[in-house]
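Chain and residue survey
Here are the chains, one letter per residue:
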Amino acid sequence: MIYMSILSISEDKGPVMKKVKIKKGIAKKGFISGLQRYWQLYIMLLLPIIYIMIFHYYPMLGLQLAFKKFSTRLGMWKSPFVGLYYFEKFFSSYKFKEVMINTLTLSFYSIIAQMPVPILLALSLNAVRSKFYKKTVQLLSYMPHFISTVVIVSLLMQLFNTRVGLFSAVAGFFGLKIPDVFASPKAFPHLYVWSGVWQNAGWASIIYFAALSKVDPELHEVAIIDGASRFQRIIHIDLPTIIPTASILLILNMGRVMSIGFEKAFLMQNSLNISTSEIISTYTYKIGLTGNMDFSYSTAIGLFNSIVNLFMVVVFDKLSKKLSGSGLF
Amino acid sequence: MTKSKIISIVLVLVLVLSLSYGCSKGGEVKTPEQTKPANETVEPTSNVEEVEKVEDSIVNPEGVFPIVKEQVEITLAVPQSPNVEDYYTNYYTRWLEEKTGIKLNFVTIPTAEISQKVQLMLASGVDLPDAFSGVGQVDGSVFTTTNIVRYASEGLVIPLNEYIDKYGENIRDFLKLETAGMTYRQIMTSADGKIYYMPGLAFSTVNRAASKMWINKQWLDTLGLEIPKTTQEFKEVLQAFATRDPNQNGVADEIPLVGTTQNDTYNVYDYLIGSFIANNVQFHRLLVNDGIVSFAAVTDEWREAMMYINDLTSNGLLSSLTFTQDHNSLKQMVNDNNNIVGAYTSLGVQGVAMANNPEILSRYVGIAPLEGPNGVRHGVLSVPIPSANGVITSACEHPEVVFRLFDFMLSEEASTLSRFGIEDEHWVVPEEGALTNYGTQATIKIINNIWNIPQNTMWQNYNPYINRNGDGQERNENPNDPVRKNCEAAIQYSRCEPQNVIPTLTYSPDEIDEVNEIITNIDEYVQTMIAKFAVGEMNPYNDSDWSKYLREFEVLGLDRFIEISQRAYIRMNY
């Protein structure tokens, strides 16, 4: 979804420019005459606006639950107001600090580790001449993306099992012993992040392939004439082309720092690695949703996460504009 | 002109009449499903007062059938099930209608996310059925003794005590029954002293022993060892397993003892702790002695158990993979062709060993709880708690009728039908002398199983029931039948059930608000620390490690938890 929207952002630049010009021309006559003239366009616009209103803005009314003690009978509007009670409850909870640190560690580590790999993959594959080889590697590299999290985690556990696992069998062949990585809290972030890289790098590289396909072949031809090596061409032609895409992806990923996937961490948890594997979403699941259904509490935590996410997006957008000149807004 | 005028007058009259009918029912909001059939069967609208007059006596007294004097329609919300073809044409439905004189209507609830669906129904208030049937069977967290008080205080569900006294011939007997030092009345009563639901419960000895230890009999025979009876003997046996190559392949590939923490019954350590102190896995490790509630995981006995487990792990007898691997890996080990696992725990032997492989099944035998150094010997007890299978809502016009229907469902005849089907078609009474898996006289023999398969004879127990035949089934003649093996093992555990555990406590909604997070954290902490003590990250022999472990409980709020639990215990018992 996100990839699609980025594509449309970069491709829409042309038409957007034209629209601005047209608007300037009619600005004097005002909005009404514009409406009359371009009513077909406005009708087309109506559908997405209705969609966004109904499915994105209307549900936001539910956020008020974070400040109310929800009662099923009274409903959302009439439930009594409790102010910041649920936020205080969350911030003062026993594990708040630990889960906060774990969440941020895991998500920043994932973002940093997951950024260069697809870029490298796209750049190197783009330089490959054989079409068959290129397509095959591409296909194979994004296949893991379609495996569900449950299966991935199960695979990891089987692979790393020190008795029946594949790695232990290979190590055993050379007379070595592998440690039980699932038992180590220190190993957990690495296991989590790098299995994620393995699963998603191929898929994430598709967007860079798309960006690379827009490189003007003349640039390469000129560079070849000038005597640039293949590596130099990658550095000076390909890389600059995909930097705006990379920075937008980074900003968007920053918007998800707090909402890091629940399933994978939850499935990979065990008593021995819990000190680094307990993240906000798994913890709230345990205290909020099992046993005692507390809609208000989970809404409050969700709202807190969203605010942090929004904050991160805005900060990194500003940063990116300063550094590379391209940003989201 | 005149023709259309007449038509319009008639239409207006119809409208006015239907409005007045709608208003006459005390302003209660009714669903179209409820009003439509009511229009057809209940007497004309004009004599509303008459209807109200006879309402007092619309239901026959206890023990008299049919339940109602004239036909009453009841709408039940039932879980959707692929195994119940059609609730309306179902044999059980028709049988109930014939016996009770009640006409049943149904609203089906999809079972996926049933708890949200039921909450929505309750929240909206308009689509409320007369009662929920079988919701607790699908998801026990929808109606608990704690949260149902909340629904009651919001006027959504009604208490049943008055009806139990007046009409509850079957449930009254049930409530008197005792299990693990508590009566079912105590277990089912909410913190405000009322009972809000009708139970669904199957008596079953085999499920009371949650963690059964299965040991490799083939290995014991090869090495000429006896079945271990004490923790010391057990350790020696495991040592022999580890060192004397019981699978005789010349390689030291044996894993003496292993489990997984993915599910409590497989985790091995809960079983081992039972040899030192009663281990209440079912309810947050709370114990009660002379009315005083205490917490097991902070005692010296617990520390001894940790030392024992630490010993086993540090000597390589209990595999440390127990604390990290998943259920699949455990299965893979136990079913390995090289026969590499010495012992494991589970609720039923087939939970790990392949059920369709008689060779592997015959390898493992269930052993009793081990006797600890201080003579303690307890299995992990899991007391069956009745699920909330019948809940009457405030939208119900004739709660006494629904109550009598639910109570009738609890009768032996109805409960047998709702689980096993029709006599002589699906089951027969076994002949004299036929034995159950427990060696007692069998009471039921299934000739045609309809449980858990698509059928149209019963509701798959999506109704209140008390299954008294859970232990009464005739046994399979094959000694390696997994169910038979499980039952035979369970007998040994039923002899040493702990007496001082609390199977459940009912907190008030306010109490649960306070205590819920504490409970979650304490449970998690205890599990984590067992693992750490086992693998040696914390040393149970080391006093400073132990006191560090104990200190953390203060931060977690253990004192407050015990205080509230003590209050709940007193409320339930005095």
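Just so we're clear, the structure is a prediction, and the values are computed from it rather than from any experiment. Within each chain, residue numbers correspond to sequence positions counted from 1 in written order. Note on labels: chains are lettered from A, ligands numbered from 1, in written order. Totals for whole chains, interfaces and linings use all residues, but because this is a predicted model, local features are given only for residues with pLDDT of at least 70 and pairs of side-chain atoms are given and counted only at 80 or more. Note that the side-chain values use all heavy atoms of the structure and ignore hydrogens as well as water.

1. Structural notes on the overall build of chain A
Under the scheme used here, helices are H or I runs from DSSP no shorter than 4 residues and strands are E runs no shorter than 2 residues, and both carry numbers assigned from the N terminus. Secondary structure summary: chain A contains 18 helices and zero strands in total. Each residue's exposure class comes from its accessible area (1.4 Å probe, protein chains only) as a fraction of the maximum for that residue type: buried when under 20%, exposed when over 50%, partly exposed otherwise. Looking at chain A residue by residue over its 329 residues, the buried ones come to 38%. Only heavy atoms matter for contacts: two residues are in contact if any of them lie within 4.5 Å across the pair. Taking the contacts inside chain A whose residues are at least 6 apart along the sequence as the reference set, 66% of them involve residues at least 24 apart. Methods summary: accessible areas were calculated by the Shrake-Rupley approach with a probe of 1.4 Å, and residue burial reflects only the protein chains presented. Summed over its atoms, the accessible surface of chain A is roughly 19,600 Å², and 72% of this surface lies on carbon and sulfur atoms.

2. Some remarks on the nonpolar core
Nonpolar side chains tend toward joint burial in soluble globular proteins. Among the nonpolar cores identified, the biggest contains 145 residues, and Phe143, Trp302 and Tyr507 of chain B are the most heavily contacted of them. Residues within four places of tryptophan 302 of chain B in sequence aside, it is in contact with Ile273, Ile277, Asn279, Arg285, Ala296, Ala297, Val526, Ile530, Trp546 and Tyr549 of chain B. We define a nonpolar core as any set of buried Ala, Val, Leu, Ile, Met, Phe, Trp, Tyr and Cys residues linked to one another through side-chain atoms lying within 4.5 Å. Counting residues in hydrophobic clusters, the runner-up holds 21 residues, among them Tyr86, Phe87, Met254 and Ile287 of chain A.

3. Notes on the packing of helix α12 (residues 187–212) of chain A against helix α14 (residues 230–254) of chain A
Residue and element names in this part refer to chain A. As a rule, the C-alpha atoms of each element are fitted with a line to give its axis, helices using only the stretch in contact, and angles between N-to-C directions run from 0 to 180 degrees. Where α12 contacts α14, the two axes come as close as 9 Å, and the packing angle between them is 135°. What the angle tells us is that α12 and α14 run oblique. Between α12 and α14 the crossing geometry is right-handed. Taken together, the residues of α14 that come into contact with α12 (itself represented by Ile207, Tyr208, Ala211 and Leu212) are Asp238, Thr241, Ile242, Thr245, Ala246 and Leu249. Of the residues assigned to the contact of α12 with α14, the class counts are seven nonpolar, two polar and one charged. Note that the term roughly parallel is reserved for angles under 35 degrees, roughly antiparallel for angles over 145, roughly perpendicular for angles of 65 to 115, and oblique for everything else. For any helix crossing, the convention is left-handed if the near helix is rotated counterclockwise from the far helix by under a right angle, and right-handed if that rotation is clockwise. Residues are grouped as follows: Ala, Val, Leu, Ile, Met, Phe, Trp, Tyr, Cys and Pro are nonpolar; Asp, Glu, Lys and Arg are charged; every other residue, Gly included, is polar.

4. Topic: helix α16 (residues 327–334) of chain B
Among all positions of α16 of chain B, only His327, Ser329, Leu330, Met333 and Val334 of chain B are buried. Across the axial projection of α16 of chain B, the buried residues extend over an arc of 160°, all falling on one side. Where α16 of chain B is buried, its residues contact α10 (149–160) of chain A together with β8 (255–257), β11 (341–346), α17 (358–363) and β12 (364–367) of chain B. When we speak of the arc, we mean the arc of directions from the helix axis to the C-beta atoms.

5. Considerations on the pairing of strand β2 (residues 102–109) of chain B
Residues and elements named next belong to chain B. Strands pair, by our definition, only if DSSP identifies at least two bridges between them. Here strand β1 (residues 72–79) pairs with β2 via eight bridges, running parallel. From the neighbouring strand, alanine 77 faces β2, where its bridge partner is valine 107. Note on handedness: a crossover is taken as right-handed if, strands pointing away from the viewer, the path from the first strand over the helix to the second is clockwise. Viewed along the sheet, the connection from β1 through helix α4 (residues 91–100) into β2 turns out right-handed.

6. As for the pattern of salt bridges
All names here are of chain B. Each reported salt bridge corresponds to a side-chain nitrogen of Lys or Arg within 4 Å of a carboxyl oxygen of Asp or Glu. Tallying each qualifying case throughout the model produces 20 salt bridges over all chains. A salt bridge links glutamate 511 to arginine 567; its shortest N-O distance comes to 3.1 Å. Of this pair, glutamate 511 sits in helix α21 (residues 509–535) while arginine 567 is found in helix α23 (residues 558–573), placing the two residues 56 residues apart along the sequence. We classify arginine 567 as partly exposed; its relative accessible area is 41%. Residues arginine 571 and glutamate 511 are paired through a salt bridge, measuring 3.1 Å at the closest nitrogen-oxygen approach. One end of the pair, arginine 571, is in helix α23; the other, glutamate 511, is in helix α21, and 60 residues separate them in sequence.

7. Here we look at the sheet that holds β11 of chain B
Residues and elements named next belong to chain B. What the four strands build is an open sheet, ordered β8-β11-β7-β12; its pairing is mixed. On the outer flanks of this sheet lie β8 and β12, each paired with one strand and no other. For this sheet, the mean angle separating the axes of adjacent strands, direction not counted, is 30°. Where strand β7 (residues 212–216) lies against β12, four bridges are found, and the strand directions are antiparallel. Bridge pairing links asparagine 216 to tyrosine 364 in β12.

8. Thoughts on the side chain of glutamine 186 of chain B
Residues and elements named next belong to chain B. With respect to the element layout, glutamine 186 can be found in helix α10 (residues 184–188). Accessibility expressed as a relative area gives 16% for glutamine 186, which makes it buried. A distance of 3.0 Å separates a polar side-chain atom of glutamine 186 from the backbone nitrogen of threonine 183. With near-sequence residues (within four places) excluded, glutamine 186 lies in contact with Gly181, Met572 and Asn573. Polar contacts, as used here, are pairs of N or O atoms within 3.5 Å; protein pairs need one atom able to donate a hydrogen and one able to accept it. Residues neighboring in sequence count only if both atoms are side-chain atoms.

9. Re the interface of chain B and chain A
Taken together, the contact between chain B and chain A spans 35 residues of the former and 31 residues of the latter. Approximately 3,200 Å² of surface area, both sides summed, lies buried where chain B meets chain A, with 47% of it carried by carbon and sulfur atoms. It is Glu154, Thr324 and Glu517 of chain B that lose the most area in chain B upon contact with chain A, and together they represent 19% of the buried surface on that side. On inspection of chain B and its partner chain A, the count reaches two salt bridges. For lysine 69 of chain A, the salt bridge is made with aspartate 513 of chain B, and the minimal N-O distance between the two is 3.3 Å. Linking chain B with chain A are 11 residue pairs in polar contact (both at pLDDT 80 or more), by the criterion used here. Within the residue set of the side of chain B that touches chain A, elements represented by two or more residues are α5 (114–124), α7 (147–153), α16, α21 and α22 (543–556) of chain B. Classifying every residue of the side of chain B that touches chain A by side-chain character gives 12 nonpolar, 12 polar and 11 charged. Summed over both partners, buried area is the accessible surface (1.4 Å probe) that two parts give up on being assembled.

10. Examining the pairing of β7 of chain B
Residues and elements named next belong to chain B. Across the five residues that make up β7, a large majority, five, are buried. Alternating residues of β7 divide into Lys212, Trp214 and Asn216 and Met213 and Ile215, and every residue in both groups is buried. Note that β7 and β11 share four bridges and pair antiparallel. Bridged to lysine 212 within β11 is serine 346.

11. Considering unusual backbone geometry
All names here are of chain B. For the bond running from phenylalanine 65 to proline 66, omega is -5°, close enough to zero to count as cis. With respect to the secondary-structure elements, proline 66 resides in the loop between α3 (48–55) and β1. With a phi angle near 55°, glutamate 113 is a residue other than glycine that sits in the positive phi range. Looking at the secondary structure, you find glutamate 113 in the loop between β2 and α5. Positive phi is not limited to glycine here, since alanine 180 has a value of about 45°.

12. So, the confidence of the model for chain B
Residues and elements named next belong to chain B. Confidence scores per residue from the predictor, reported as pLDDT, run from 0 to 100. In the predicted model, chain B carries a mean pLDDT of 87, and 90% of its residues have values of at least 70. When pLDDT is averaged over each helix and strand of chain B, the minimum, 39, is found for helix α2 (residues 32–41) and the maximum, 96, for helix α15 (residues 300–314). Long-range and interchain partners of residues 19–55, a stretch whose pLDDT sits below 50, account for 25 contacts in this model, where long-range means more than four residues apart. Confidence estimates for the predicted assembly give a pTM of 0.81 and an ipTM of 0.75.

13. Comments concerning the packing of helix α13 (residues 231–243) of chain B against α15 of chain B
Residue and element names in this part refer to chain B. It is at 11 Å that the axes of α13 and α15 come closest, and there the two elements cross at 10°. For the element pair α13 / α15, the angle class is roughly parallel. Of the residues in α15, those in contact with Thr231, Phe234, Lys235 and Leu238 of α13 are Tyr308, Asp311 and Leu312.

14. A look at the confidence of the model for chain A
The predicted model of chain A averages 84 in pLDDT, with 89% of residues at 70 or higher. Across residues 1–22 of chain A the pLDDT falls below 50, and counting only partners more than four positions away or on other chains, this stretch makes 16 contacts in the model.

15. Points about the side chain of glutamine 460 of chain B
All names here are of chain B. By secondary structure assignment, the location of glutamine 460 is in the loop between β15 (445–446) and β16 (465–467). By relative accessible area, which is 5% here, glutamine 460 ends up buried. Polar side-chain contacts of glutamine 460 include one of 2.9 Å to the backbone nitrogen of asparagine 452. In terms of polar contacts, glutamine 460 uses its side chain to reach the backbone carbonyl oxygen of isoleucine 453, at 3.4 Å. With residues up to four places along the chain from it excluded, the contact list for glutamine 460 reads Ser81, Asn83, Val84, Ser418, Ile450, Trp451, Asn452, Ile453 and Gln455.

16. Some words on the state of the cysteines
Residue and element names in this part refer to chain B. Counting rule for disulfides: a pair of cysteine sulfur atoms within 2.5 Å. Tallied over the entire structure, the rule returns zero disulfides over all chains. Free of any disulfide, cysteine 487 has its nearest neighbouring cysteine sulfur in cysteine 496, separated by 16 Å. For cysteine 487, a relative accessible area of 5% puts it in the buried group. Residue classification places cysteine 496 among the buried residues on the basis of a relative accessible area of 7%.

17. With respect to the environment of tyrosine 86 of chain A
Residues and elements named next belong to chain A. Among the structural elements, tyrosine 86 can be located in helix α6 (residues 85–91). Separated by 213 residues in the primary sequence, tyrosine 86 and threonine 299 have C-alpha atoms spaced 8.9 Å apart. Every residue in contact with tyrosine 86, bar those within four places of it in the chain, is listed here: Ala66, Lys68, Lys69, Asp294, Ser296, Tyr297 and Ala300.

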